[in-house]
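Coordinate analysis (summary)
If you want the building blocks of each chain, they are given just below.
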Amino acid sequence: MIKFWKIKKNKNIEVILVSDTSIFKGKIKHEELNHFSKLIENQNIPKNLFEIPFTYIKSIQNQENKKEIKIYFGKDSEEEIVCENSNFKKEIFDYLKEKISTLSYCKETPTLFKYAKPQLFAILFTLGLFLWSLYYAIQIENGVEYILEGRAGIGAIIYSIGLLGVIKVVLLFTVLIVITIFSLIRKIKSRSEIEQLNRIK
């Protein structure tokens with residue numbers, strides 16, 4: 001049996017199919033819908049759709065207040081099913097939960113650290129670069145001279161930033177840190193309950 005959903009857009013229709021063994025997704029033109037639907041009625045999979053076999057899937061995530069269902073598969077691949085309607089999105093996820101018996105269901109709200117870990121590390125990394133650049137800037141303004149040898153690496157880049165001077169280094173990294181903090185706040189505000197289907201090991 002093939003289950004079929006369609007999401008109408010201005011220029012095309014996004015289609016999601018679930019067979020007994022795979023998830024299919026793709027786009028068709030509005031005028032192709034009737035022919036496409038007839039193929040589905042006859043239990044035929046239309047061509048030119050992207051296929052994700054159930055056996056490839058590692059995890060499926062459905063986060064509350066988000067528009068997409070995320071499918072993680074293969075080694076490091078990720079695909080999204082985007083639905084503006086939350087009930088429609090829930091219907092697709094619940095069907096996948098029932099259909100794919102090799103995935104176990106769980107529901108959780110991630111911790112702040114786990115959810116915002118990339119943004120937290122970005123802030124720490126930016127602070128580290130700032131202190132390093134500021135050290136060079138202060139030393140250079142105090143008359144210390146440096147001789148760079150060997151291949152140019154991150155040290156040479158930081159030294160070049162230090163050449164801007166203390167004031168410009170402070171202004172530059174203030175902007176960068178504010179941007180990363182703003183990104184962190186947005187990420188934290190989006191934290192919500194996540195339904196997950198994970199492969200049974």
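Below or above, wherever it landed, is the structure these notes cover.

Thresholds applied
Residues numbered from 1 in each chain as written. Predicted model: local features only at pLDDT ≥ 70, side-chain atom pairs only at ≥ 80, totals over all residues. Heavy atoms only, no water. Buried < 20%, exposed > 50% of the residue type's maximum accessible area, 1.4 Å probe, protein only. Helix = DSSP H or I, 4+ residues; strand = E, 2+ residues; numbered from the N terminus. Pairing = 2+ DSSP bridges. Arc of directions from axis to C-beta. Contact = heavy atoms within 4.5 Å. Axes fitted to C-alpha atoms, helices over the stretch in contact; angles between N-to-C directions. Phe/Tyr/Trp six-rings, centres within 6.5 Å; stacked < 30°, edge-to-face > 60°. Patch = residues over 30% accessible without salt bridge, like charges linked within 9 Å, V, L, I, M, F, W, Y side chains within 5 Å. Areas by Shrake-Rupley, 256 points an atom, 1.4 Å probe, with all protein chains shown as cover. Salt bridge = Lys/Arg side-chain N within 4 Å of Asp/Glu carboxyl O.

Structural notes on the pairing of strand β5 (residues 57-63)
- Burial analysis of β5 places five of its seven residues in the buried class, the great majority of the element.
- Sheet analysis places β5 next to strand β6 (residues 68-73), joined by five bridges and oriented antiparallel. Directly across from I57, in β6, lies its bridge partner F73.
- If you look at the hairpin formed by β5 and β6, you'll find four residues sitting between the two strands, and N65 has a positive phi there, around 70°.
- With five bridges connecting them, β5 and strand β9 (residues 194-199) associate as antiparallel partners. Within β9, the position partnered with Q63 by the bridge is I194.

Describing the pairing of β9
- Examined bridge by bridge, strand β8 (residues 103-108) and β9 share six bridges and lie antiparallel to one another. In the strand pairing of β9, S104 is matched with N198.

Side note on helix α5 (residues 154-162)
- Here α5 has its buried residues at A156, I158, Y159 and G162. Down the axis of α5, the sector holding all buried residues measures 160°, keeping them to one side.
- Tucked inside the fold, the buried residues of α5 contact α4 (117-141) and α6 (166-189).

Digging into the sheet that holds β8
- Strand order in the open sheet formed by five strands is β7-β6-β5-β9-β8, and the pairing between neighbours is antiparallel. Two strands in the sheet have a free side with no partner beyond their single neighbour: β7 (77-82) and β8. Neighbour-to-neighbour, the strand axes of the sheet open up by a mean angle of 20°, direction not taken into account.
- Relative to the sheet, helix α2 (residues 86-99) contacts β5, β6, β7, β8 and β9, its axis offset from that of β5 by approximately 150°.

Looking at the packing of aromatic side chains
- Considering all chains together, one arrives at eight aromatic pairs under this definition.
- Both rings, one in F93 and one in Y105, keep their centres 6.4 Å apart while their planes meet at 55°; by these two values the pair is tilted. Placement of F93 in helix α2 and of Y105 in strand β8 is noted, with a sequence separation of twelve residues between them.
- For F93, a relative accessible area of 0% puts it in the buried group.
- Overall, the relative accessible area of 35% leaves Y105 in the partly exposed class.
- Residues F130 and F173 carry aromatic rings whose centres are separated by 5.6 Å and whose planes lie at 50° to one another, so their mutual orientation is tilted. A residue pair is termed long-range when its members are at least 10 positions apart, and F130 in helix α4 and F173 in helix α6 qualify at 43 residues. Pair check on accessibility: F130 and F173 agree, each one buried.
- Here the aromatic cluster, defined as three or more aromatic residues joined through ring pairs, consists of Y135, Y136 and Y159.

Comments concerning a nonpolar patch on the surface
- Where nonpolar side chains cluster on the molecular surface, the patch consists of L164, L172, V175, L176 and I179 and spans about 410 Å² of accessible area.
- Along the chain, L164 falls in the loop between α5 and α6.
- The class of L164 is partly exposed, set by a relative accessible area of 44%.

What about the pattern of salt bridges?
- Tallied over the full model, the rule gives seven salt bridges.
- E195 is paired through a salt bridge with K90; the nearest N and O atoms lie 2.8 Å apart. Of the two residues, E195 sits in strand β9 while K90 sits in helix α2, which places them 105 residues apart along the sequence.
- A relative accessible area of 9% means that E195 is categorised as buried.
- Between D94 and K97 there is a salt bridge, with its nearest N and O atoms 3.9 Å apart. Here D94 pairs with K97, and both are found in helix α2, just three residues apart, close to one helical turn.
- The exposure class of D94 is partly exposed, given its relative accessible area of 22%.
- According to the relative accessible area criterion, K97 is partly exposed, its value standing at 30%.
- Via salt bridges that share partners, K90, D94, K97 and E195 belong to a single interconnected network.

Geometric values such as these leave the question of function open.
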